[in-house]
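The lines below spell out each chain.
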Amino acid sequence: MSAGVHPLVTPVMGDAHAQWCPRCKAYTVACAPLYLLTPAGVTRAQFYALCEICDLDGPEVTRG
Ligand SMILES: [Zn+2]
């Protein structure tokens, strides 16, 4: 077996928190950072933000 270093990268979602959505005028955006755990350390990849109203059309669909 060789003792080479495997480039293992483990994505980990950080704590999600609510953010202000300018469209909904409410704290409806769930924002969570995505971290990448590598043998060299931790790298913050990017933030994911998702508004539960704008991005997920709720069940408030009026049907005729
Ligand atoms: Zn929104």
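The shown structure was predicted, so the numbers you read here are calculated from the model rather than taken from an experiment.

Asker: Describe the overall build of the protein chain, naming the residues involved and giving the relevant values.
Answerer: When you go through the protein chain residue by residue, the secondary structure sums to zero helices and four strands. In the protein chain, the succession of α and β elements from N to C terminus is β-β-β-β. The buried share of the protein chain, reckoned over its 64 residues, is 2%.

Asker: If you had to explain the pairing of strand β2 (residues 17-21) to someone new, which residues and values would you point to?
Answerer: Across the five residues that make up β2, only a small minority, zero, are buried. Relative to strand β3 (residues 26-38), β2 runs antiparallel, the two being bridged by four bridges. Note that in β3 the partner of Cys 21 across the bridge is Ala 26.

Asker: Account for the environment of Cys 54, with residues named and values stated.
Answerer: Take Cys 54: it is sitting in the segment after β4 (41-51). As for Cys 54 and Cys 24, which are separated by 30 residues in sequence, their C-alpha atoms are 7.5 Å apart. Every residue in contact with Cys 54, bar those within four places of it in the chain, is listed here: Cys 21, Arg 23 and Cys 24.

Asker: Summarise the environment of Gln 46; cite the residues concerned and give the values.
Answerer: Its location among the elements puts Gln 46 in strand β4. With 11 residues separating them along the chain, Gln 46 and Tyr 35 place their C-alpha atoms 7.4 Å apart.

What counts, and at which threshold
- Residues numbered from 1 in each chain as written.
- Predicted model: local features only at pLDDT ≥ 70, side-chain atom pairs only at ≥ 80, totals over all residues.
- Helix = DSSP H or I, 4+ residues; strand = E, 2+ residues; numbered from the N terminus.
- Buried ≥ 20, exposed ≤ 12 C-beta atoms within 10 Å, placed from the backbone.
- Pairing = 2+ DSSP bridges.
- Contact = placed C-beta atoms within 7 Å.

The values are spatial; any link to function lies outside them.
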